[in-house]
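This is what each chain is made of:
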Amino acid sequence: MMIKTGQGLTKIGVFYDGNYFLHVSNYYKYSHERKSRLSVAGLHRFIRNHAADLCNIDEHLCHIVDAHYFRGRVNAFENRNAENGSEILYYERLFDDMLHAEGITTHYLPVRVEHDGSRHEKGIDVLLALEAFELAFYKRFDILVLIASDGDYVPLVRKLNALGVRVMVLSWDFEYVNAAGKNSITRTSQALLEEVTYPIAMHEIIDNRVKRNDPLITGLFTNRESTNEYSTTVVYTERKSPMTPPMTESTAPKVDPATFKPSVKTSTIKAIKDQYGFINNEPEDAFFHCSNVIDCNFAELQVGDTVEFLEMLSDQGKCIAKEVRLSEANGNL
């Protein structure tokens, strides 16, 4: 339905459930044929364009006046003890810089790490809902955009409806193979979609064969060749699932940097976690991140697969694997 709002400025507020956003971005990077991450700048261009079409006004009269990103984050001490802790901190800062460059305000809550290594993100949906309602009330948004999927946001949408704020939800439904080799499904809450003014099925728009090369659609993704792509910012959980704690300084032996020489090796995968894994290697197992996998999808890898990799040392003197690829010994190439 077209809604004419006159020639006044249409003010848009955008609110990201960060864990959901990065989960979707992971899907497009590792499982979808696009093999690229979502672009925040591209999403904002899409939102302005789509809002203008829905309201039947010129795009120049639609502006994102506020954008906020919410997510749990492990503290610096935990990152310092992680196998690739220095890289985690670097890419987190890089991702923050990208968000700030797009005018997005970040909101982080600490992730609670249990003794068994599981990590729990609590209170993010409540914080997002409170901030969204308060800002909508004081800043008088015409449209509030939610990049989220949980039915927990239904009470927020109902409150926003009472204020006369139209709510747009960018939703994605897709299936993929997770790191454990099992089929997983991501669906947006039907209850949430039924409450909002503008439910936008992004997966249908992106996969529309007629529009797939439209600049507005291709702009939703980052440049594959970009070195600034936030490829290693997701290091905690895949949609709030527990993960085994990585090796720490006290448990991981170090290799003598004076005698070490980078070399190409062949071995088997010992363990696969949500976004990283370990390869059987001497004198210590080699850590690899999903961003170090080439010529195949990280989700395709399984424990026991034979892989070729470039053995290198991290800044902490630990074995890490770069350029990890499936070996011809698997019969997959």
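Keep in mind the model is a prediction, meaning the values are calculated, not measured.

Visitor: Help me understand the packing of aromatic side chains in this model?
Guide: The relative placement of two aromatic rings is captured by the distance of their centres and the angle of their planes. Throughout the structure, instances matching the rule amount to 16 aromatic pairs. Between Tyr-28 and Phe-221, the aromatic rings sit 5.2 Å apart at their centres with planes inclined by 65°, giving edge-to-face as the arrangement. Taken together, the residues Tyr-28 in helix 1 (residues 18–30) and Phe-221 in the loop between helix 9 (215–218) and strand 11 (263–272) connect sequence positions 193 residues apart. Taken individually, Tyr-28 and Phe-221 each receive the classification buried, so the pair is uniform in this respect. Here the aromatic residues Tyr-16, Phe-21, Tyr-69, Phe-95 and Tyr-108 are joined through ring pairs into a cluster of three or more. When the ring centre of Phe-137 is taken as reference, the NZ or CZ atom of Arg-140 above it lies at 5.0 Å.

Visitor: Honestly, the confidence of the model for the protein chain in this entry has me stumped. Any pointers?
Guide: Close inspection of predicted coordinates is inappropriate for parts of the model with low pLDDT. For the protein chain, per-residue confidence averages 82 on the pLDDT scale, and 78% of positions sit at 70 or higher. Overall, residues 225–229 carries pLDDT values under 50, and its contacts beyond four positions in sequence, including any with other chains, amount to six contacts.

Visitor: Even after reading the chapter, I still don't get a nonpolar patch on the surface, so can you show me in this structure?
Guide: Judged by side-chain polarity, Phe-133, Phe-137, Tyr-138 and Leu-163 come together as a nonpolar surface patch covering roughly 380 Å² of accessible area. By the secondary structure assignment, Tyr-138 is in helix 5 (residues 124–139). Take Tyr-138: its relative accessible area is 61%, and that puts it in the exposed class.

Visitor: Looking at this structure, how should I read the pairing of strand 7 (residues 166–171)?
Guide: On a regular strand, each side chain points to the face opposite its neighbour's, so the side chains alternate between the two faces of the sheet. When you tally the buried positions in strand 7, you get six out of six residues, the bulk of the element. By the alternation rule, side chains of strand 7 split into Arg-166, Met-168 and Leu-170 and Val-167, Val-169 and Ser-171, which are all buried. Alignment of strand 6 (residues 143–147) against strand 7, held across four bridges, turns out to be parallel. Bridge assignment links Val-145 to a residue of strand 7, and that residue is Met-168. Since strand 6 and strand 7 lie parallel, the crossover through helix 6 (residues 154–163) that links them has a hand, and here it is right-handed. Relative to strand 10 (residues 198–201), strand 7 runs parallel, the two being bridged by four bridges. When the sheet's bridge partners are listed, Met-168 is paired in strand 10 with Tyr-198.

Visitor: Looking at this structure, I do not really get helix 5. What am I missing?
Guide: Within an α-helix, residues lying three or four positions from one another point in the same direction, as the helix has 3.6 residues per turn. End to end, helix 5 covers 22 Å across 16 residues, agreeing with the expected 22 Å (1.5 Å per residue, within 8%). Listed in full, the buried residues belonging to helix 5 are Ile-124, Leu-128, Ala-132, Leu-135 and Ala-136. For helix 5, the angular spread of the buried residues around the axis is 100°, confining them to a single face. Counted as exposed and oriented over 90 degrees from the buried face of helix 5: Leu-130 and Tyr-138. Once helix 5 ends, the next one or two residues include Arg-140, with phi positive near 55°.

Rules of the game
Residues numbered from 1 in each chain as written. Predicted model: local features only at pLDDT ≥ 70, side-chain atom pairs only at ≥ 80, totals over all residues. Heavy atoms only, no water. Phe/Tyr/Trp six-rings, centres within 6.5 Å; stacked < 30°, edge-to-face > 60°. Helix = DSSP H or I, 4+ residues; strand = E, 2+ residues; numbered from the N terminus. Buried < 20%, exposed > 50% of the residue type's maximum accessible area, 1.4 Å probe, protein only. Lys NZ or Arg CZ within 6 Å of the ring centre and 35° of its normal. pLDDT = per-residue confidence, 0-100. Contact = heavy atoms within 4.5 Å. Patch = residues over 30% accessible without salt bridge, like charges linked within 9 Å, V, L, I, M, F, W, Y side chains within 5 Å. Areas by Shrake-Rupley, 256 points an atom, 1.4 Å probe, with all protein chains shown as cover. Salt bridge = Lys/Arg side-chain N within 4 Å of Asp/Glu carboxyl O. Pairing = 2+ DSSP bridges. Right-handed = clockwise from strand over helix to strand, strands pointing away. Expected span 1.5 Å × (residues − 1). Arc of directions from axis to C-beta.

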